[in-house]
Amino acid sequence: MLATVGACSTGSGGATDELGGFGDAFGAEPEAGANGAAQPLATAPPGAVEPTGPVSAATSPPPNLTIPTPATPTTQATPTTVQAPPPSARPTGPYPKPASMAALGDSITRGYDACSIPLKDCPSKSWATGDDVNSQAKQLGVARDAVFNNARTGARMSDLAAQAQKAVGQRVEYVTVLMGANDACRDKESQMTSVADYERQLREGLAVLRQGLPGVRVLVVSVPDIGRLWEVARGERLARAVWSSGICQTMLEDPESTKMDDVERRQRVRDRVTAYNDVLRRVCGEWQEQCRYDGGAVNAHRFGKGDLSRWDWFHPGEKGQGILADLTMRAGFTWRS
C-alpha cells in the first residue's frame, strides 16, 4: 500500500498540492458531480467564547458603574448610573428546515479516504451531504436532488468565493462551510495562509452568499485541531510512514521528534489554526441573523484513532465523518421538527 501512496502524490488536476499525496489536510483526485450522491501540545482556547473586546477604562466605564457628579459648595453630589448596552442578539430559532443545501469546503467535506478505495473522494460518506452516514442532509431530510457538495479536495480559503458562487446558482437555502485546514497544512510554515489573507478571503466568500442568496442560513465550522491528529496517531508506525510521503509537513514532519525546534513549529501551526477560528467567529458574528459559528465544537473535539481513515491516519474515516455530522448539528442552527 505504501508503494501506492508514494506513486499517487498529486492533487486535483495532477498538480502536487500542499499535502503531498493526500490532497489536503483531512487528497488527490476529486470525483465529478456536485451532489453528495462524502497535547502533548499546549492547549489554546478553541474560540467557543465570544468576547466583545477590551474596554478602555479611559473612555468606557464598566456596566452599571455609579459615577458621582463633583460636589459644589452649595450642591450635594448627584450619582449618575451608566447602563451597559444590551448584548447583541444571537439567532435562536427554531427555523424552518431548509429544502435545499450546499456544502463548501475541502477534502474533509468530500469524504476523502473514507471509503474502501484509498486516495479517492468519497462524498457518499461526507458529514455534510452523504447518503452512507447520518449526515446533516439526512438529518434535515433534504431531498437528494436538492443536496450539493461543492467542496474540492485541496481547497483553501481562497477557493471559498468560487464555491459560494456555485451555491448561488443552485439557489440553496442552507450552506455549510468547513475550510482552513489546508491553509495551515503546507510543506513549509512560510507557505501558510496569513491570518489577514484568511480573513479577507472569508469575507469575500460570505459576501457572495449574502448578495446572491439574501435569505440563506450559513453554518461556519471551526477548523479541526490538526495538532490533536498528530498526537493521537504519531505512535502508529504505518501512520508515520504514510505521513512521510508529504502530508501536512508543517505539523507532521519528523513526528516523533522532541527537539525544541520541532515542538515549537507544531505549536505555531496549532496557533495559526486557533487564529483562523477566531476569524471565523468574528466574521460570522457580524452576520448574526443568518450566520452561525459552531462555537469551536469541532476544533475542541478530541478525535481518536478509530475515528481516522486507515488509509492516511489523518482524514476522518466513516466514524469520524458521522461524529462531524452530529457535532455540527448540535452546534448549529435549531430547526423546527
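Everything numeric here is computed off the predicted structure, so don't read it as measured data.

Caption draft 1: Structural context of the overall build of the protein. On a plain count of helices and strands, the protein comes out with eleven helices and seven strands. Burial statistics for the protein: of 337 residues in total, 52% are counted as buried. As displayed, the protein offers around 14,800 Å² of accessible surface, 54% of which is attributable to carbon and sulfur atoms.

Caption draft 2: Quick look at the pairing of strand β6 (residues 217-220). Side chains R217 and L219 of β6 all project onto a buried face; the interleaved residues V218 and V220 project onto the opposite face, where all are buried too. Pairing between β6 and strand β7 (residues 291-293): three bridges, direction parallel. Directly across from L219, in β7, lies its bridge partner R292.

Caption draft 3: Just the nonpolar core, in detail. Core analysis: the biggest nonpolar cluster contains 75 residues, and V175, L209, V218, I226, W243 and F314 have the highest contact counts within it. No other element matches the seven residues that helix α9 (residues 260-285) contributes to this core.

Caption draft 4: Fine view of the packing of helix α3 (residues 160-170) against helix α5 (residues 195-212). It is the contact of α3 with α5, at a shortest axis distance of 8 Å, that shows an interaxial angle of 10°. Judged on the interaxial angle alone, α5 and α3 are roughly parallel. In this structure, α3 contributes L160, A161, A164, Q165, A167 and V168 to the contact, and α5 contributes Q201, L202, E204, G205, L206, V208, L209 and G212.

Caption draft 5: Layout of the pattern of salt bridges. This structure, assessed with the given rule, holds 19 salt bridges. In this structure, a network of salt bridges that share partners links the residues E199, R203, D278, R281, R282 and E286.

Caption draft 6: Examining the sheet that holds strand β3 (residues 101-105) more closely. Spatially, the five strands line up as an open sheet ordered β4-β3-β5-β6-β7, and their pairing is parallel. Of all strands in the sheet, those bounded by a partner on one side alone are β4 (147-149) and β7. This sheet shows a mean twist of 15° between the axes of neighbouring strands, independent of strand direction. Contacts from α9 reach β6 and β7, with the element oriented near 150° to β7.

Caption draft 7: Geometry of α5. Taking 1.5 Å of rise per residue, 18 residues should cover 26 Å, and α5 covers 26 Å from first to last C-alpha, within 8% of that figure. Structurally, α5 contributes buried residues whose contacts are with α3, β5 (174-178), α4 (181-184), β6 and α9.

Caption draft 8: Representation of the state of the cysteines. Tallying each qualifying case throughout the model produces three disulfides. Covalently, C284 is tied to C291 through a disulfide, its sulfur atoms 2.1 Å apart. Its torsion about the S-S bond being -120°, the disulfide of C284 and C291 is classed as left-handed. The residues C284 and C291 share a single accessibility class, namely buried. Shown here for the protein is a disulfide pattern of 1-2, 3-4, 5-6, where each number marks a bonded cysteine counted in sequence order.

Caption draft 9: Inspection of the packing of α5 against α9 at higher detail. Two elements in contact, α5 and α9, have axes separated by 10 Å at closest approach and are oriented at 35°. Between α5 and α9 lies a crossing whose hand is right-handed. In this structure, α5 uses V195, Y198, E199, L202, R203 and L206 to contact α9, whose residues at the interface are R272, A275, Y276, V279, L280, R282 and V283.

Caption draft 10: Examining the packing of aromatic side chains more closely. Overall, the coordinates contain five aromatic pairs when judged by the stated rule. For the pair Y95 and F333, a centre-to-centre distance of 5.9 Å together with 80° between the ring planes defines the contact as edge-to-face. Placement of the pair is Y95 in the loop between β2 (79-82) and β3 and F333 in the segment after α11 (318-331), with a sequence separation of 238 residues. Judged by relative accessible area, which is 11%, Y95 ranks as buried.

Rules used in this analysis
Residues numbered from 1 in each chain as written. Predicted model: local features only at pLDDT ≥ 70, side-chain atom pairs only at ≥ 80, totals over all residues. Heavy atoms only, no water. Helix = DSSP H or I, 4+ residues; strand = E, 2+ residues; numbered from the N terminus. Buried < 20%, exposed > 50% of the residue type's maximum accessible area, 1.4 Å probe, protein only. Areas by Shrake-Rupley, 256 points an atom, 1.4 Å probe, with all protein chains shown as cover. Pairing = 2+ DSSP bridges. Core = buried A, V, L, I, M, F, W, Y, C linked by side-chain atoms within 4.5 Å. Axes fitted to C-alpha atoms, helices over the stretch in contact; angles between N-to-C directions. Parallel < 35°, antiparallel > 145°, perpendicular 65-115°, else oblique. Contact = heavy atoms within 4.5 Å. Salt bridge = Lys/Arg side-chain N within 4 Å of Asp/Glu carboxyl O. Expected span 1.5 Å × (residues − 1). Disulfide = S-S within 2.5 Å. Left-handed = near helix turned anticlockwise from the far one by under 90°. Phe/Tyr/Trp six-rings, centres within 6.5 Å; stacked < 30°, edge-to-face > 60°.

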